[in-house]
Amino acid sequence: RRGVREAVSFETARGLGVDPARLRFTGDEGWYLPPADRPAVDAALAAAGVADGFIAVQMRLDGNSPFHDDLPAVARACDLLAGRTGRAILLVPFSYADRDDDRQTLRALGALMRAPWRLLDVDAQAGLTKGILSRAWVAVGVANHFCVFAASVGVPTVGIHGTPYMAHKLTGVERQHRHFK
């Protein structure tokens, strides 16, 4: 048997002639990861200075997220969303590295925003990140697993894609969960 992560891959494999009896729809393992417990999430949100019901924003600039020229427009959209809802913005990195990680992009995005924002500036484990996202009012991001984590805990999620590869990944998320668009 072969496992496939999203409905698009399942249908593609069937279209290529793979016997459906040999396919198993597994979904993305991020769907099944349990979020951290409430005290750990409470502590992380307190350290970030954000209460429940925030707007979670994730952004990355790389080959799959070619939005370098679009950061000012994304900042304006965040400002508009925060202004109309009165909610805080928490910038949530989803990739940590010595260089070129989400924190650098998110700081650049924050510098362009007028609305107040906080950066989740901790090397969060996956369960803690998922727990933090579970407390968001809405999540907006470009990383597949950011969208998977947020939608899997029932948070309305908007995924932004800039390449056919990411469109395919995010279409899989959309077909898997009703909280995603």
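Analysis parameters
Residues numbered from 1 in each chain as written. Predicted model: local features only at pLDDT ≥ 70, side-chain atom pairs only at ≥ 80, totals over all residues. Heavy atoms only, no water. Pairing = 2+ DSSP bridges. Helix = DSSP H or I, 4+ residues; strand = E, 2+ residues; numbered from the N terminus. Axes fitted to C-alpha atoms, helices over the stretch in contact; angles between N-to-C directions. Core = buried A, V, L, I, M, F, W, Y, C linked by side-chain atoms within 4.5 Å. Buried < 20%, exposed > 50% of the residue type's maximum accessible area, 1.4 Å probe, protein only. Contact = heavy atoms within 4.5 Å. Arc of directions from axis to C-beta. Salt bridge = Lys/Arg side-chain N within 4 Å of Asp/Glu carboxyl O.

Peer 1: Tell me about the sheet that holds strand β4 (residues 89-91), and please be specific about residues and values.
Peer 2: Read across the sheet, 5 strands follow the order β5-β4-β3-β6-β7 without closing on themselves; strand pairing throughout is parallel. Bordering the open sheet on either side are β5 (117-119) and β7 (157-159), each of which pairs with just one other strand. Each strand axis lies, on average, 20° off the axis of its neighbour in the sheet, ignoring direction. Judged from the 3 bridges that link them, strand β6 (residues 136-141) and β7 form a sheet pairing that is parallel. Each bridged residue has a counterpart across the sheet, and for Val-140 the counterpart in β7 is Val-158.

Peer 1: Any details on the nonpolar core? Residues and values, ideally.
Peer 2: Membership of the largest hydrophobic core comes to 24 residues, with the highest contact counts inside it found for Phe-54, Ala-56, Leu-90, Val-92, Ile-132, Leu-133 and Phe-146. Ranked by residue count, the leading element in this core is helix α6 (residues 144-152), at 6 residues. Setting aside anything within four residues of it in sequence, one finds Ala-56 in contact with Leu-90, Val-92, Leu-133, Ala-136, Val-138, Ala-139, Val-140 and Phe-146. Ile-55, Val-57, Ala-75 and Met-113 belong to the second-largest nonpolar core, a separate cluster that totals 18 residues.

Peer 1: Provide a residue-level description of helix α2 (residues 38-48), including the pertinent values.
Peer 2: The set of residues buried in α2 consists of Val-41, Ala-44, Leu-45 and Ala-48. The buried residues of α2 all sit within an arc of 95° when viewed along its axis, so they share a single face. Away from its buried face by more than 90 degrees, α2 exposes Pro-39, Ala-46 and Ala-47. At its buried positions, α2 is contacted by β3 (54-57), β4, β5 and α5 (126-133).

Peer 1: Give me the pattern of salt bridges: which residues, what numbers.
Peer 2: Taken as a whole, this structure holds 6 salt bridges when the rule is applied. We note a salt bridge from Arg-135 to Asp-42, for which the minimum N-O separation is 2.3 Å. Of the two residues, Arg-135 is situated in the loop between α5 and β6 and Asp-42 in helix α2; the sequence distance between them amounts to 93 residues. Assessed through its relative accessible area of 11%, Arg-135 is described here as buried. Judged by its relative accessible area of 32%, Asp-42 falls in the partly exposed class. Among the salt bridges present, the one from Asp-52 reaches Arg-135, with a minimum N-O distance of 3.0 Å. Placement of Asp-52 in the loop between α2 and β3 and of Arg-135 in the loop between α5 and β6 is noted, with a sequence separation of 83 residues between them.

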